[in-house]
Amino acid sequence: MKLKRILAIAVMAIMTLGAFSMNVANAAGTYKISCKNDAYGMQLGSDYTQIAYVYDGDNRTTYVVGGTITNNAYLITEFDQAYVGNDCLYAGAADTNGTAVVAGDVARLAVNAIVGAVSNRIDMAYAARNSGASATGVSFTTQGDGASMSANNVVSGLSFWADYGSNNIKNTQKFTNVRLDSMRYDGDASSYSVGVDKTFGKALLGVVVSSLDTDLKTTFNDGTYKQDVDTYGLYVAYRTSVLQIDLGFGQGDSTINTTRRDLGNDQTITGKTTADIEYSNARISANFTRGKFNIVPSASYRQLSMDIAAFTDDRPNDVSTSVVGDGELFSSGNSTLTVTDDAIAARSVDSEIMEIGLNVSANFGKIVPYLNLSYASEDTTKAAYKVEQGTDTASGTTDTDAAASNYSSSYTIGGGINFMLGSHITGGVRVGSINGRDDWEENYMAGNISIGF
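The model shown is predicted, which means the values in this text are computed figures rather than measured ones. (Residues numbered from 1 in each chain as written. Predicted model: local features only at pLDDT ≥ 70, side-chain atom pairs only at ≥ 80, totals over all residues. Heavy atoms only, no water.)

Chemist: What am I meant to see in the overall build of the chain here?
Modeler: Looking only at helices and strands, the chain features three helices and 18 strands. Going through the 453 residues of the chain one by one, you find that 51% of them count as buried. For the chain, the accessible surface area stands at approximately 20000 Å², while carbon and sulfur atoms represent 57% of it. (Helix = DSSP H or I, 4+ residues; strand = E, 2+ residues; numbered from the N terminus. Buried < 20%, exposed > 50% of the residue type's maximum accessible area, 1.4 Å probe, protein only. Areas by Shrake-Rupley, 256 points an atom, 1.4 Å probe, with all protein chains shown as cover.)

Below you can see the structure in the form of structure tokens.
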């Protein structure tokens, strides 16, 4: 009789999953037991499942509820108990570590920051030579990233420079709650680059060290994603009276720290790993001057690959005082409080961008305003979050799971003002936005100042 009662409860629970209200997205699971609890968790395989198996330890008979049994991988316990609830069955993207969703976009942010800073510096260096600027003089650029601090020809013809930028980003995919598939997240990314270079006639050769820090809230799994990218590289440029060509490449490493919520017991799952970085870029541009105006069309290519090492998502063990439902579907005295950690496989992501742009600036002496427009076509590794065994669609509705965002193209609108205060203080401010990228909002703002004697 007890076994029949258990089976009846399990059947009723599974039949009502689709219609169960999802408005308790921020609450713990029904029984506050981890989705990977060693004794009662139904999800002991690689994916969540709708199928509940109840094992009768006395008669050694396997019973199936909601599907056809193929093996005993999902047997729960030998005490006729089953943990059935929508909190773990309806996980989808919430049961995915942030690296599977966010890493591709971080690769794109990193290569844009690194290459943008170097391209900016190259233009500044040639602008300084053309204007006859002194070692501490201003060297204005017509790039959308604006001007950066530089000190030209300081020691033995060497020049030192630095650049800083900040981005505010958001994936705007439709989101109802953490139990439904989505890849929504938002946060900030900041970067800086420092370098040294030297001119050889019409050529410029330099080295650069760059860093990108991201701090993101991963709404899709109720967690966080923090990644620090550090790289070093070489760049070379050559400029004639009209054309300019520059190339660059580099490598580095990265640390990644993630958190997400166990939908069963409400505890925080933590993960930490590293990644190897490689990047390269090329650009060709032309310079045309019409009075006070400078017009610069350009075409560029940049690429970054990131190899993420395998790691483990650490799930905290259950706490006996927090378990709910003792004596209903199970007895806590028959359970263990240990849980199974998640093994996260190694993964490689890439971001490859082709871009055409146009920059127009006006030279008014100590103030140089400019406008920057560009269009980019990209191939960035898509998100790869887990797919549910069931659906999120409630009875009578037409909602479907949201697929991963597919980023393919975007356009940039930006501008800024470069300025000189006296003969020793120079600087600039710049703002802009990235538009046309599916489910995406991105704005940047940055500034710099240089004081030299």
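This is not the end of the story, as more comes after the structure.
Chemist: Mind showing me how you'd approach the pairing of strand β9 (residues 268-286) here?
Modeler: Walk down a regular strand and you will see the side chains alternate between the two sheet faces. Pairing analysis gives 19 bridges linking strand β8 (residues 243-261) to β9, with the strands arranged antiparallel. Residue pairing across strands places Thr255 opposite Thr274, the latter belonging to β9. Between the end of β8 and the start of β9, which pair antiparallel, lie six residues, with Asp266 showing a positive phi angle near 70°. Summarising the sheet, β9 and strand β11 (residues 293-308) pair through 11 bridges and their orientation is antiparallel. If you follow Ile284 over to β11, its bridge partner there is Ala299. (Pairing = 2+ DSSP bridges.)

Chemist: Sorry if this is basic, but what is going on with the pattern of salt bridges here?
Modeler: For side chains of opposite charge, pairing can occur when their charged atoms come near one another. Inspection of every chain in the model, using the stated rule, returns 16 salt bridges. Ionic pairing is found between Glu442 and Arg108, a salt bridge with its closest N-O pair at 2.8 Å. Separated by 334 residues along the polypeptide, Glu442 in strand β18 (residues 440-451) and Arg108 in helix α3 (residues 99-131) bring together distant segments of the chain. No difference in accessibility class separates Glu442 from Arg108, as the two residues are buried. Of the charged contacts in the structure, one is a salt bridge between Arg121 and Asp197, with a shortest N-O distance of 2.9 Å. In this pair, Arg121 is assigned in helix α3 and Asp197 in strand β5 (residues 185-200), connecting sequence segments 76 residues apart. Here Arg121 matches Asp197 in class, with each residue buried. Among the ionic contacts, a cluster of salt bridges with common partners joins Lys36, Asp95, Arg260, Asp262, Asp313, Arg315 and Asp342. (Salt bridge = Lys/Arg side-chain N within 4 Å of Asp/Glu carboxyl O.)

Chemist: I tried to follow a negative patch on the surface on my own but got confused; where do I start?
Modeler: On the surface, a cluster of negative charge is contributed by Asp213, Asp228, Asp230, Asp253, Asp276, Glu278, Asp307, Asp350, Glu352 and Asp379. Broken down by secondary-structure element, the contributors of at least two residues to the negative patch are β7 (223-239), β9 and β14 (347-362). Counting through the fold element by element, Asp228 comes out in strand β7. We classify Asp228 as partly exposed; its relative accessible area is 33%. (Patch = residues over 30% accessible without salt bridge, like charges linked within 9 Å, V, L, I, M, F, W, Y side chains within 5 Å. Lys, Arg positive; Asp, Glu negative; His and termini not counted. Charge placed at Lys NZ, Arg CZ, Asp CG, Glu CD.)

Chemist: Teacher, can you tell me more about the confidence of the model for the chain here?
Modeler: Any segment with low pLDDT has predicted coordinates that should not be analysed in fine detail. Residues of the chain with pLDDT of at least 70 account for 66%, and the chain-wide mean is 75. In the predicted structure, residues 1-25 sits below a pLDDT of 50 and forms 42 contacts with residues beyond four places in sequence or in another chain. In this model residues 131-151 is a low-confidence stretch, pLDDT under 50, and it forms 83 contacts with partners more than four residues away in sequence or in other chains. (pLDDT = per-residue confidence, 0-100. Contact = heavy atoms within 4.5 Å.)

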